[in-house]
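Residues per chain, in single letters:
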Amino acid sequence: MSEPFLAEIRIFAGNFAPRGWAFCNGQLLPISQNTALFSLISTNYGGDGRSTTALPDMRDHVPAHPGRGPGLPPARLGDTDGDTTIDVVSAVTPARNLGHTETSRTVSGKVGETRQPFLGLNFIIALAGLYPSRS
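Residues numbered from 1 in each chain as written. Predicted model: local features only at pLDDT ≥ 70, side-chain atom pairs only at ≥ 80, totals over all residues. Heavy atoms only, no water.

The name recorded for the protein chain in an unreviewed UniProt entry is Phage tail protein, from Alcanivorax profundi.

### What to know about the overall build of the protein chain
A tally of regular secondary structure across the protein chain gives 1 helix and 7 strands. Reading the protein chain from its N terminus to its C terminus gives the helix and strand order β-β-β-α-β-β-β-β. Residues classed as buried in the protein chain amount to 18% of the 135 residues present. (Helix = DSSP H or I, 4+ residues; strand = E, 2+ residues; numbered from the N terminus. Buried < 20%, exposed > 50% of the residue type's maximum accessible area, 1.4 Å probe, protein only.)

### Considering the sheet that holds strand E7 (residues 122-126)
Spatially, the 3 strands line up as an open sheet ordered E1-E7-E2, and their pairing is antiparallel. A strand with exactly one partner marks an edge of an open sheet, and here the two such strands are strand E1 (9-12) and strand E2 (21-23). Each strand of the sheet is rotated relative to its neighbour by a mean of 40 degrees, with strand direction disregarded. In terms of strand pairing, E2 meets E7 through 3 bridges, oriented antiparallel. Bridging across to E7, Ala 22 finds its partner in Ile 125. (Pairing = 2+ DSSP bridges. Axes fitted to C-alpha atoms, helices over the stretch in contact; angles between N-to-C directions.)

### Notes on the nonpolar core
Considering soluble globular proteins, one finds that nonpolar side chains tend to be buried as a cluster. Core analysis: the largest hydrophobic core is formed by 11 residues, namely Leu 6, Ala 7, Ala 22, Cys 24, Leu 29, Leu 37, Ile 41, Leu 55, Met 58, Phe 123 and Ile 125. Contributing elements (two or more residues each) for this core: helix H1 (35-41) and E7. (Core = buried A, V, L, I, M, F, W, Y, C linked by side-chain atoms within 4.5 Å.)

### Notes on the packing of aromatic side chains
As enumerated under the stated definition, the model contains 1 aromatic pair in all. With centroids separated by 5.6 Å and ring planes inclined at 80 degrees, the aromatic side chains of Phe 12 and Phe 16 adopt a geometry described as edge-to-face. Note on Phe 12: relative accessible area 23%, which makes it partly exposed. (Phe/Tyr/Trp six-rings, centres within 6.5 Å; stacked < 30°, edge-to-face > 60°.)

### A few points about the pairing of E7
Here E7 lies mainly inside the structure; 4 of its 5 residues are buried. Pairing of E1 with E7, which is carried by 4 bridges, proceeds in the antiparallel orientation. Counterpart to Ile 9 in the pairing with E7 is Ile 125.

Dropping the structure here:
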């Protein structure tokens, strides 16, 4: 396998982060020991920008490309959004009455999780590697 770019993120099926990599779990790192990494990710994922930077936190998130898609609000690098639960304020749902005329009912309250199907895999980020060139 080729040497990774510094700050490159890969999906890894193992239960540990290989040497030179770290889990994308939002952990804080000292800038003084990670200056090249900080020059790439800055405080996009957290940290105070003076002594610490944070790794991206992929726990309970799916990756999304920054920018603006058709009909979507803009997203910047490091933004998080979304909710795993929804509140139903009021909704009219058709209910069948065993062959009689269709009636409706109002539903309200808290609905549980609304997660899409998923497979648990680790996201890891390269703490060492080639510094990426812009060209």
